[in-house]
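Here is how the chains run, residue by residue.
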Amino acid sequence: MFVSLRTVLFRLHWALGLTAGLVLALVGVTGAMMSYEEAILDLANADRAQVAVQDRPVLGPEALVARLSAERPGLRVGALTFFGDPALAPRARFADDAKAGDVKPGGRAPSVYLDPYDGTLRGEVRGEATFATIRGLHRWLLLPGEGRGWGRTITGAAALALLVFLATGLVLRWPKVHAWRIWLKPSLRRPGRPRYWSLHAVAGTWLLPVYAVIALTGLWWSYDAYKSAATWLLTGEVAVKGANKPAEARADRVGGRKSAERTDKSAERTDKSAERTDKGAERTDKGADAPPALDKAWAAFRAQEGASAALATVTPPGPDAARIRIRWIAEADAPKARNESIFDAATGARLSLSRFSDKPLGRQIADSMLEVHRGRFFGAAFALVFCLAALAMPLLAVTGLVLYVLRRRAGAARGSALRRAGGGSRPDGTGAMPGNAPT
């Protein structure tokens with residue numbers, strides 16, 4: 001029995017709707033909540049984030065870290081965030097490797113607000129744990145394994161399903177008569193199924209470009225191969241992580257004499273490396289007790305590029321980084337324009353400066369993929385549109401489910417009537433709706 005392509009696409013559309021549609025509805029709601037996470041947290045912590053401006057100097061990063069370390073022993077400060085507005089208190093975030101009794105396994109201690117004048121704790125950031133749960137629900141559905149488990153695979157598959165929704169939905173509703181009213185204006189006065197179909201189809205048409213951006217950028221965190229390919233398309237750079245593994249594997253298969261020669265040479269290099277390690281260890285022991293030059297780096301930053309910074313986050317050296325990093329934005333309403341300055345941990349001297357405006361567009365997009373995903377890369381108005389589009393995902397899921405149920409009921413009633421009349425039913429089982437699209 002011949003089945004038309006339109007029927008195949010229609011069945012694929014509703015089959016994905018009954019499965020991935022539920023996941024997309026959940027991801028959409030949580031994503032909309034995360035779109036304004038910063039604003040919500042600022043509102044919830046207004047009493048702790050606001051400080052009275054005083055006529056005396058504020059403490060530098062080193063003093064704040066020292067005070068906080070004394071208040072919270074066992075926790076390592078992972079980042080300090082300063083604001084250009086003197087009425088806003090600095091915020092400290094603890095590192096993931098910090099260990100303390102109040103830190104859950106695999107978790108992180110709550111961030112805290114600090115008094116800029118004496119370094120005392122003003123309180124923990126309210127709502128941070130709530131948004132951590134929302135973020136886990138959005139990214140991996142709170143399933144075991146977090147970003148390395150099945151949850152990430154499921155949300156990635158849902159993002160792919162969203163692209164299939166957009167393509168099949170566009171084909172299914174392609175009208176024979178091209179009029180803007182058919183495409184963009186819902187016919188809510190129609191009774192029953194036509195009303196739900198019109199709302200479902202028109203809403204999907206309006207939001208198609210937004211959903212395409214959300215899906216394409218969401219895959220960035222779901223599949224490493226996709227991220228590598230997208231990075232190459234945007235920047236022309238090829239990921240080199242693990243590039244030498246095939247060569248090493250081939251080298252391991254080379255036998256006998258060549259392997260022995262490499263072993264001898266490797267032993268010589270090991271001896272020389274051991275000598276350098278001993279010398280380096282001596283230098284490390286001499287400077288092990290020296291704290292990082294956070295104040296010198298901060299002073300150098302504030303004297304030049306940081307003079308007009310609206311927000312700056314200082315990351316002290318840690319187990320995985322031997323340098324001081326300061327990420328900053330020049331305007332509070334431009335979260336995508338994140339610049340970066342790197343300083344030497346021992347001397348506080350500037351090592352590099354990377355400005356967002358100096359990067360090509362492809363690199364700007366790659367470095368700001370989260371802001372593109374949230375719509376903030378395009379401005380505040382688009383961020384609101386992206387948030388509303390995410391909130392509309394449950395609407396599309398509900399209207400699609402209603403259409404499926406009504407269609408099944410109508411098909412059952414029609415089949416019963418045909419059987420009573422001694423007739424048959426349509427071989428493809430589809431019913432065309434007004435506007436040249438099946439429900």
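Each value, and the rule that gives it
Residues numbered from 1 in each chain as written. Predicted model: local features only at pLDDT ≥ 70, side-chain atom pairs only at ≥ 80, totals over all residues. Heavy atoms only, no water. Helix = DSSP H or I, 4+ residues; strand = E, 2+ residues; numbered from the N terminus. Buried < 20%, exposed > 50% of the residue type's maximum accessible area, 1.4 Å probe, protein only. Polar contact = N/O pair within 3.5 Å; in protein donor to acceptor, adjacent residues only side chain to side chain. Contact = heavy atoms within 4.5 Å. 1 Å grid on protein atoms, 1.4 Å probe; cavity = no way out; pocket = protein on both sides within 12 Å on 5 of 7 lines; lining within 4 Å. Points joined across faces, edges and corners; volume = space filled by probe spheres on them. Nonpolar A, V, L, I, M, F, W, Y, C, P; charged D, E, K, R; others polar. Pairing = 2+ DSSP bridges. Axes fitted to C-alpha atoms, helices over the stretch in contact; angles between N-to-C directions. Core = buried A, V, L, I, M, F, W, Y, C linked by side-chain atoms within 4.5 Å. Patch = residues over 30% accessible without salt bridge, like charges linked within 9 Å, V, L, I, M, F, W, Y side chains within 5 Å. Areas by Shrake-Rupley, 256 points an atom, 1.4 Å probe, with all protein chains shown as cover. Salt bridge = Lys/Arg side-chain N within 4 Å of Asp/Glu carboxyl O. Phe/Tyr/Trp six-rings, centres within 6.5 Å; stacked < 30°, edge-to-face > 60°.

Mapped onto the elements of the fold, His13 is located in helix H1 (residues 5–35). Accessibility expressed as a relative area gives 18% for His13, which makes it buried. One polar contact links His13 to Thr168, side chain to side chain, over a distance of 2.8 Å. Ignoring sequence-local partners within four residues, the contact set of His13 consists of Phe165, Thr168, Gly169, Leu172 and His200.

The volume enclosed by the second largest pocket comes to roughly 750 Å³. Residue lining of the second largest pocket: 35 residues in total, with His13, Phe165, His200, Leu396 and Gly400 positioned closest to the centre. Residue assignment for the lining of the second largest pocket shows that the elements contributing at least two residues are H1, helix H6 (150–172), helix H8 (193–218), helix H15 (380–421) and strand E10 (437–438). A breakdown of the residues in the lining of the second largest pocket according to their chemical character gives 24 nonpolar, nine polar and two charged.

Overall, antiparallel pairing links the eight strands, which are arranged E4-E3-E2-E1-E5-E6-E7-E8 in an open sheet. Looking at the sheet topology across the chains shown, the edges are occupied by strand E4 (121–124) and strand E8 (350–354). Neighbour-to-neighbour, the strand axes of the sheet open up by a mean angle of 20 degrees, direction not taken into account. As defined by bridge partners, strand E7 (residues 339–344) adjoins E8 across four bridges and the pair is classed as antiparallel. What sits directly across from Glu340, in E8, is Ser354. Running over the sheet, helix H4 (residues 61–71) touches strand E1 (77–83), strand E2 (91–94), strand E3 (112–114) and E4 and is turned about 130 degrees from E1. Across the sheet, helix H12 (residues 294–303) is in contact with E1, strand E5 (311–315), strand E6 (323–329), E7 and E8; its angle to E6 comes to roughly 35 degrees.

For the rest of this paragraph, the subject is the nonpolar core. Core analysis: the biggest nonpolar cluster contains 25 residues, and Leu80, Phe301 and Ile326 have the highest contact counts within it. Looking at this core, the elements that each hand over two or more residues are H4, E1, E2, E3, H12, E5 and E6. Counting residues in hydrophobic clusters, the runner-up holds 22 residues, among them Phe165, Leu207, Val210 and Met393.

Turning next to the pairing of E7. Pairing geometry for E6 and E7, over six bridges, is antiparallel. Paired with Ile326 across the strands is Ser341, a residue of E7.

With that settled, the discussion passes to a nonpolar patch on the surface. Together, Val29, Met33, Tyr36, Ile40, Leu384, Leu388 and Leu391 make up a nonpolar patch on the protein surface, roughly 570 Å² of accessible area in all. Sorting the residues of the nonpolar patch by element identifies H1 and H15 as the ones contributing at least two each. Per-element tally for the nonpolar patch: the top contributor is H15, with three residues. Locating Ile40 in the fold gives a position in helix H2 (residues 37–44).

Right, let's get into the packing of aromatic side chains. Scanning all chains against the criterion turns up eight aromatic pairs. Between Phe301 and Trp328, the aromatic rings sit 5.8 Å apart at their centres with planes inclined by 65 degrees, giving edge-to-face as the arrangement. Separated by 27 residues along the polypeptide, Phe301 in helix H12 and Trp328 in strand E6 bring together distant segments of the chain. For Phe301, a relative accessible area of 0% gives the class buried. Taken together, the ring pairs connect Phe82, Trp298, Phe301 and Trp328 into an aromatic cluster.

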